Amino acid sequence: LMLGDNVYIDDPEHRITQRYCYYRRQARPEWRAFAAATAVYAVWDDHDFGTNDCTSSPAPDRPEWKPDVLEVFRQNWVNPAYGGGKDSPGCWFDVVIGDVHVFMLDQRYYWDPKAGVMLGAAQKKWLLEKLAASKTTFKVLASGTLWTENADKKGADSWESVAAEREEIFGLIRTHRINGVILISADRHRTEIWKLHREGLYPLYEFESSKLTNIHTHGGNKAKTLWTHNKGNFFGLLTFDTGAAQPGMTFQAIDAHGKVLHTHRVALNEISFSKEGAAK
């Protein structure tokens, strides 16, 4: 699951620059071998959508360069679907892997903090309806930017900038008693684990890992995270044991040499509601 800043373009108005950045990546034999052997699903973040920390507008064609950037993205990522069609474009989609339902979210195309909009009307409706109807044991909400209210930059480049929309999603989980929701995110150049608390809702665990190849490093917050690490390069591995006597999900941070840096398991009963409706 590639959650954005997959390539660093930072030039949304020039197609040649965008294509060059993708071709440069695809020319690497390591990437070609990886993509040929592994299913790869991708959404974008600021550096492959626009420029650093960029926002957008709720209008599908403003700024006017958005449709062209999306077309180049579509040409380079073989996702199972792309947004809501011609009238509501974007790179969001969902995929079911075994007993896990993954929602890959586009949080750049419509993001306007002043309007309180992250997903846009069509994508938000799609997410809320799909999430409420999902029957899998686990549901993964994947975002290119951090969910936690304790993100860097006082939350300006994260879901905290549209807190009401984020709480609408969390409220749906509570109202519909949706079990097994896991949050994953990227953007910051480190790997870390957050634990979000909401009244009447089980703890929402957020796993962020986004320093696969980047040299530039962002510092973590040891006081507010369950675990943080930023040395070297690494990726996050999610393993779901849905058939176990006590089902759960295990997150592992693994470095470029294959060393497991950290392991954290979340049991399904910790992220489930009781029969009476309260979070366990």
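What counts, and at which threshold
Residues numbered from 1 in each chain as written. Predicted model: local features only at pLDDT ≥ 70, side-chain atom pairs only at ≥ 80, totals over all residues. Heavy atoms only, no water. Pairing = 2+ DSSP bridges. Helix = DSSP H or I, 4+ residues; strand = E, 2+ residues; numbered from the N terminus. Axes fitted to C-alpha atoms, helices over the stretch in contact; angles between N-to-C directions. Contact = heavy atoms within 4.5 Å. 1 Å grid on protein atoms, 1.4 Å probe; cavity = no way out; pocket = protein on both sides within 12 Å on 5 of 7 lines; lining within 4 Å. Points joined across faces, edges and corners; volume = space filled by probe spheres on them. Nonpolar A, V, L, I, M, F, W, Y, C, P; charged D, E, K, R; others polar. Buried < 20%, exposed > 50% of the residue type's maximum accessible area, 1.4 Å probe, protein only. Arc of directions from axis to C-beta. Disulfide = S-S within 2.5 Å. Parallel < 35°, antiparallel > 145°, perpendicular 65-115°, else oblique. Left-handed = near helix turned anticlockwise from the far one by under 90°.

Draft legend 1. Representation of the sheet that holds strand E3 (residues 93-97) in the model. In spatial order, the strands read E3-E4-E5-E6-E8-E7-E9; together these seven strands make up an open sheet with mixed pairing. Strands at the two margins of the open sheet, each flanked by one partner only, are E3 and strand E9 (227-229). Pairwise comparison of adjacent strand axes, ignoring direction, gives a mean angle of 20° for this sheet. Relative to strand E8 (residues 201-209), strand E6 (residues 181-185) runs parallel, the two being bridged by three bridges. Residue Ser 185 lies in a different strand from E8, and its bridge partner there is Glu 208. Here helix H5 (residues 121-133) sits on the sheet in contact with E3, strand E4 (100-104) and strand E5 (138-142), set at roughly 175° to E4. Lying over the sheet, helix H6 (residues 163-175) contacts E5, E6, strand E7 (191-198) and E8, oriented at roughly 130° with respect to E8.

Draft legend 2. Representation of the environment of Val 7 in the model. Structurally, the position occupied by Val 7 is in the loop between strand E1 (2-3) and helix H1 (15-26). For the pair formed by Val 7 and Gln 107, sequence separation is 100 residues and the distance between their alpha carbons is 17 Å.

Draft legend 3. Highlighting the layout of surface pockets. The computed volume of the largest pocket comes to approximately 1,600 Å³. Taken together, 43 residues make up the lining of the largest pocket; nearest its centre are Leu 1, Met 2, Phe 34, Leu 212 and Phe 235. Looking at the lining of the largest pocket, the element that brings in the most residues is strand E10 (residues 234-241), giving six residues. Across the lining of the largest pocket, the residue classes tally to 26 nonpolar, ten polar and seven charged.

Draft legend 4. Inspection of helix H4 (residues 66-76) at higher detail. Every buried residue of H4 is listed here: Lys 66, Val 69, Leu 70, Val 72, Phe 73 and Asn 76. Seen from one end, H4 has its buried residues packed into an arc of 160°, which puts them on one side. Elements in contact with the buried residues of H4: H1, strand E2 (42-43) and helix H3 (46-49).

Draft legend 5. Highlighting the state of the cysteines. The final tally for this structure, using the stated rule, is zero disulfides. With no disulfide of its own, Cys 54 lies closest to Cys 91 among cysteine sulfurs, the gap being 12 Å. Owing to a relative accessible area of 11%, Cys 54 belongs among the buried residues under this scheme. For Cys 91, a relative accessible area of 0% corresponds to the buried category.

Draft legend 6. Up close: the sheet that holds E10. Spatial ordering of the open sheet is given by E10-E11-E12, a layout of three strands whose pairing is antiparallel. The open sheet has two edge strands, E10 and strand E12 (260-267), and neither has a second partner. Between one strand axis and the next, the sheet turns by 15° as a mean value, whatever way the strands run.

Draft legend 7. Spotlight on unusual backbone geometry. Residue Pro 63 is bonded to the preceding Arg 62 through a cis peptide linkage, with omega at -5°. In this structure, Pro 63 sits in the loop between H3 and H4. The phi dihedral of Asp 10 is positive, around 55°, even though this residue is not glycine. Assignment of secondary structure puts Asp 10 in the loop between E1 and H1. Given a relative accessible area of 29%, Asp 10 falls into the partly exposed group.

Draft legend 8. Up close: the packing of H5 against H6. Where H5 meets H6, the axes come as close as 10 Å, and the angle between the chain directions of the two elements is 20°. Accordingly, the angle class assigned to the pair H5 and H6 is roughly parallel. As for how H5 packs across H6, the hand of that crossing is right-handed. When H5 is examined against H6, the residues Lys 124, Leu 127, Leu 128, Leu 131 and Ala 132 are found in contact with a partner set consisting of Glu 165, Glu 168, Ile 169, Leu 172 and Ile 173. Partitioning the contact of H5 with H6 into residue classes produces seven nonpolar, no polar and three charged.

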